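A closer look at the structure
Each chain, letter by letter, is given below.
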Amino acid sequence: MIDATGVILVGGQSTRMGFNKAFIEVNGLPIIERTVALFNEIFDEVIIAANDVETYCGLDAMIVTDVYKGAATLGGIYTGLFHSQTPYTFVVACDMPFLDARAIKRTLELSGGDGTAPFINNKLHAMHAVYSRRCLKKIEGMITTGNLRVSDLFPMICTKRLVEADFAGIPIVSSIENVNTPEELSRIRANEDK
């Protein structure tokens, strides 16, 4: 498995939910606490990239603020890579309640090139992906020219796509799932402890 840092992005505005999604409780535990604990089992270095450092101070991770303010998810990826002490960085969002250690490890094991992401349901999942430090210059160029679309990064770097078959016996579909709307939260609540 490659030497990587685990990075959790928590800078989103959560406009569709109206509150901080990192602290949504699933099975009695805030998503952010579950993710930090999971990452500490997998990675030697765990970073939370946050706009509000004080909110996350009690968690067992290094808290850093965005290098480029207002640069959305792409800025968070840049910040994680910038502060990472390893050649590779695995990045997730703070609103992914079913992250699976096996799915993360498989992504790391199969990683190659400058970026590796699951390609599930005809979409590359940038928030369950490995990025090389070699991406820093490309991302910085995108941010400084005002292009904040993460999807535009993948064609600019050597990207390895992982498909569902690469995760045989591993729940990759639920591992990449995130909570964006009250409807999605209701569906997740209905499936708790099933």
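Residues numbered from 1 in each chain as written. Predicted model: local features only at pLDDT ≥ 70, side-chain atom pairs only at ≥ 80, totals over all residues. Heavy atoms only, no water.

Regarding the overall build of the protein chain
Looking only at helices and strands, the protein chain has six helices and ten strands in total. Counting all 194 residues of the protein chain, 50% fall into the buried class. Residue pairs in contact within the protein chain that sit at least 24 positions apart in sequence constitute 72% of those at least 6 positions apart. (Helix = DSSP H or I, 4+ residues; strand = E, 2+ residues; numbered from the N terminus. Buried < 20%, exposed > 50% of the residue type's maximum accessible area, 1.4 Å probe, protein only. Contact = heavy atoms within 4.5 Å.)

A few points about the side chain of T89
Tracing the backbone shows T89 in strand β6 (residues 88-93). Judged by its relative accessible area of 0%, T89 is buried. One polar contact links T89 to S84, side chain to side chain, over a distance of 3.2 Å. In contact with T89, other than residues within four places in its own chain, are A4, T5, V7, G80, L81, S84, A129, V130 and Y131. (Polar contact = N/O pair within 3.5 Å; in protein donor to acceptor, adjacent residues only side chain to side chain.)

Some words on the packing of helix α2 (residues 72-83) against helix α4 (residues 136-144)
Closest axis-to-axis distance for the α2/α4 pair is 10 Å, and the angle between their directions is 145°. For the element pair α2 and α4, the recorded crossing hand is left-handed. Taken together, the residues of α4 that come into contact with α2 (itself represented by L74, G75, I77, Y78, L81 and F82) are L136, I139, E140, M142 and I143. Per-class residue counts for the contact of α2 with α4 are nine nonpolar, one polar and one charged. (Axes fitted to C-alpha atoms, helices over the stretch in contact; angles between N-to-C directions. Left-handed = near helix turned anticlockwise from the far one by under 90°. Nonpolar A, V, L, I, M, F, W, Y, C, P; charged D, E, K, R; others polar.)

Some details on the packing of aromatic side chains
With the rule as written, the count across this model stands at seven aromatic pairs. Centroid distance Y78 to F82: 6.1 Å. Interplanar angle 25°. Geometry classified as stacked. Note that Y78 and F82 are positioned in helix α2 at a spacing of four residues, about one turn of the helix. Feature note: the residues F39, F43 and F90 constitute an aromatic cluster, connected by ring pairs. (Phe/Tyr/Trp six-rings, centres within 6.5 Å; stacked < 30°, edge-to-face > 60°.)

Notes on the nonpolar core
Ranked by internal contacts, the top residues of the largest apolar core, which has 51 residues, are I8, I32, I48 and Y131. Counting residues per element, this core draws most heavily on helix α1 (residues 31-42), which supplies five residues. If near-sequence neighbours (up to four positions away) are discounted, I32 is found in contact with I8, V10, A22, F23, I48, Y56, L59 and C94. Among the nonpolar cores identified, the runner-up in size contains seven residues, and A103, F167, I172 and I176 belong to it. (Core = buried A, V, L, I, M, F, W, Y, C linked by side-chain atoms within 4.5 Å.)

What to know about the packing of α1 against helix α3 (residues 101-109)
The N-to-C vectors of α1 and α3 enclose an angle of 45°; their axes lie 11 Å apart at closest approach. Our classification of the angle between α1 and α3 gives oblique. Viewed along their axes, α1 and α3 form a crossing whose handedness is right-handed. The residues of α3 that touch α1, namely those facing L38, F39 and I42, are A101, I104, K105 and L108. Grouping the amino acids of the contact of α1 with α3 by side-chain chemistry returns six nonpolar, no polar and one charged. (Parallel < 35°, antiparallel > 145°, perpendicular 65-115°, else oblique.)

Focus on unusual backbone geometry
One non-glycine residue, N27, adopts positive backbone phi at about 55°. With respect to the element layout, N27 can be found in the loop between β2 (25-26) and β3 (29-30). For N122, which is not a glycine, the phi torsion comes out positive at approximately 60°. In this fold, N122 is placed in the loop between β7 (115-120) and β8 (123-124). Overall, the relative accessible area of 71% leaves N122 in the exposed class.

Function cannot be read off these values alone, since they describe shape.
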